[in-house]
Amino acid sequence: MLSEDYEKMMLIYLSGLTDGLGFRKPEDLNQLSSHELLSLSQKVDDSALGLFVQLLKSSQAGERLFEKLMGDHEEENRELVDQFFNRYLNVVLSSVQEGEHFNPLEAYLPPSTFDDLAFVQSRQTFFMRQTIDIINEYLDQVFRRRHTFTVGDQPAAWEYFWSKVMEK
Amino acid sequence: MIPGEGQNSPQPESESEAETETLAKPALNWKVVLFNDEEHTYDYVVEMLTSACKLSRQIAFRCAVEVDMSGRTVVFYGTRSDCENVCSKIISFGPDHRLPQSMASMNAEVQAL
């Protein structure tokens, strides 16, 4: 939920982006047409795009405003809709920023978590979704020896991993 | 609705076509609704929907925005059996590994159209 300070700041910021339109509360954004809302979003800086969406969400008219962000399904708005969602996707999704050699297991299941067995157990589905190369690389790193699980060995790799964690 | 557009389960275009379709195969008159919570990130929703519903990354992202803003979003249309299968994948996908406090999957349910 957007704090009161951020809400006020965003309303002032958005008011400054429009000619003569003053937004005093989030609900005022609902007065804009789909085209106007999408045009306004184009003027919002990338760094403020997340706050812009959170402001819309806090207006108590989130469902209606989402329809407007979808261009009210009017063909003439399609380009603006695509531009908005492409920009927002690039701003919001962290995977876009994750590098080529990023290993999600090393990042989100570090050895420092192994004391919390309930936590580690809860990450089983996450572990099992990884490719076997990612899993082998992770196990090599964590247990400091070479692992050679092959494609389809995810369940066996999990059993091995879990037993090693239990041993610690 | 976004996920249905060319992704899965297109609706019959006319009544006569609909009748023929009904005779030929089970009716595609069920949907899977995903509900919002504060324990899952946009990344998780996109990853989960591309896996469970075979949505494109772009469409899955729009669903993520909708569930965040509206509290719910329809992520799949199909037969009851297909919808139950998709729903089962969603509720067994596991917690969001990006958030230490996330300990469960998102909630979803199958509803009649």
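Right, let's walk through the structure included here. (Residues numbered from 1 in each chain as written. Chains lettered and ligands numbered in written order. Predicted model: local features only at pLDDT ≥ 70, side-chain atom pairs only at ≥ 80, totals over all residues. Heavy atoms only, no water.)

### Here's the deal with the overall build of chain A
- Counting secondary structure elements, chain A contains ten helices and zero strands.
- At a minimum sequence separation of 6, the contacts of chain A that also span at least 24 residues come to 56%.
- Surface accessibility of chain A: about 9,400 Å² in total, with carbon and sulfur atoms responsible for 49%. (Helix = DSSP H or I, 4+ residues; strand = E, 2+ residues; numbered from the N terminus. Contact = heavy atoms within 4.5 Å. Areas by Shrake-Rupley, 256 points an atom, 1.4 Å probe, with all protein chains shown as cover.)

### Some remarks on the state of the cysteines
Residues and elements named next belong to chain B.
- Applying the stated criterion across every chain, the model contains zero disulfides over all chains.
- Left unpaired, C53 is separated from the closest cysteine sulfur, that of C63, by 7.7 Å.
- Take C53: its relative accessible area is 3%, and that puts it in the buried class.
- Take C87: it sits in no disulfide, and the sulfur closest to it among the cysteines is that of C83, at 8.5 Å. (Disulfide = S-S within 2.5 Å. Buried < 20%, exposed > 50% of the residue type's maximum accessible area, 1.4 Å probe, protein only.)

### Brief notes about the interface of chain A and chain B
- Between chain A and chain B, the residue contacts involve 30 residues of the former and 27 residues of the latter.
- Both sides of the chain A and chain B interface together cover about 2,500 Å² of buried area, and 60% of this is carbon and sulfur.
- Our count for the contact surface shared by chain A and chain B stands at three salt bridges.
- In this structure, B:R62 and A:D82 form a salt bridge, with 2.7 Å as the shortest nitrogen-oxygen distance.
- The interface formed by chain A and chain B contains eight residue pairs in polar contact (both at pLDDT 80 or more).
- At the level of elements, α3 (49-57), α4 (62-69), α5 (78-92), α7 (117-122) and α8 (124-129) of chain A are the ones that each hand at least two residues to the side of chain A that touches chain B.
- Ranked by residue count, the leading element in the side of chain A that touches chain B is α5(A), at seven residues.
- Looking at side-chain class alone, the side of chain A that touches chain B contains 17 nonpolar, seven polar and six charged residues. (Buried area = accessible area lost by both parts, 1.4 Å probe. Salt bridge = Lys/Arg side-chain N within 4 Å of Asp/Glu carboxyl O. Polar contact = N/O pair within 3.5 Å; in protein donor to acceptor, adjacent residues only side chain to side chain. Nonpolar A, V, L, I, M, F, W, Y, C, P; charged D, E, K, R; others polar.)

### Regarding the sheet that holds strand β1 (residues 30-35) of chain B
Residues and elements named next belong to chain B.
- Pairing within the open sheet is antiparallel, and its three strands lie in the order β2-β1-β3. Looking at the sheet topology across the chains shown, the edges are occupied by β2 (72-78) and β3 (108-112). Here the strands of the sheet are splayed against their neighbours by 30° on average, with no regard to which way each runs.
- Inspection of the sheet shows β1 paired to β2 by six bridges, in the antiparallel sense. In the sheet register, K31 faces β2, and the bridge partner there is Y77.
- Against the sheet, helix α3 (residues 57-70) engages β1 and β2, with an angle of about 135° to β2. (Pairing = 2+ DSSP bridges. Axes fitted to C-alpha atoms, helices over the stretch in contact; angles between N-to-C directions.)

### Observations regarding the packing of α5(A) against α3(B)
- Close contact between α5(A) and α3(B) brings their axes to 10 Å; oriented N to C, the two are set at 85°. For the element pair α5(A) / α3(B), the angle class is roughly perpendicular. Between α5(A) and α3(B), the contacting residues are A:V81, A:D82, A:F85, A:N86, A:Y88, A:L89 and A:V92 on the first element and B:R57, B:Q58, B:F61, B:R62 and B:V65 on the second.
- For the contact of α5(A) with α3(B), the per-class residue count stands at seven nonpolar, two polar and three charged. (Parallel < 35°, antiparallel > 145°, perpendicular 65-115°, else oblique.)

### Observations regarding the side chain of B:K31
- Structurally, the position occupied by B:K31 is in strand β1.
- Of the buried charged residues, B:K31 lacks a salt bridge, with B:E109 as the closest side chain of opposite charge at 8.9 Å. (Lys, Arg positive; Asp, Glu negative; His and termini not counted.)

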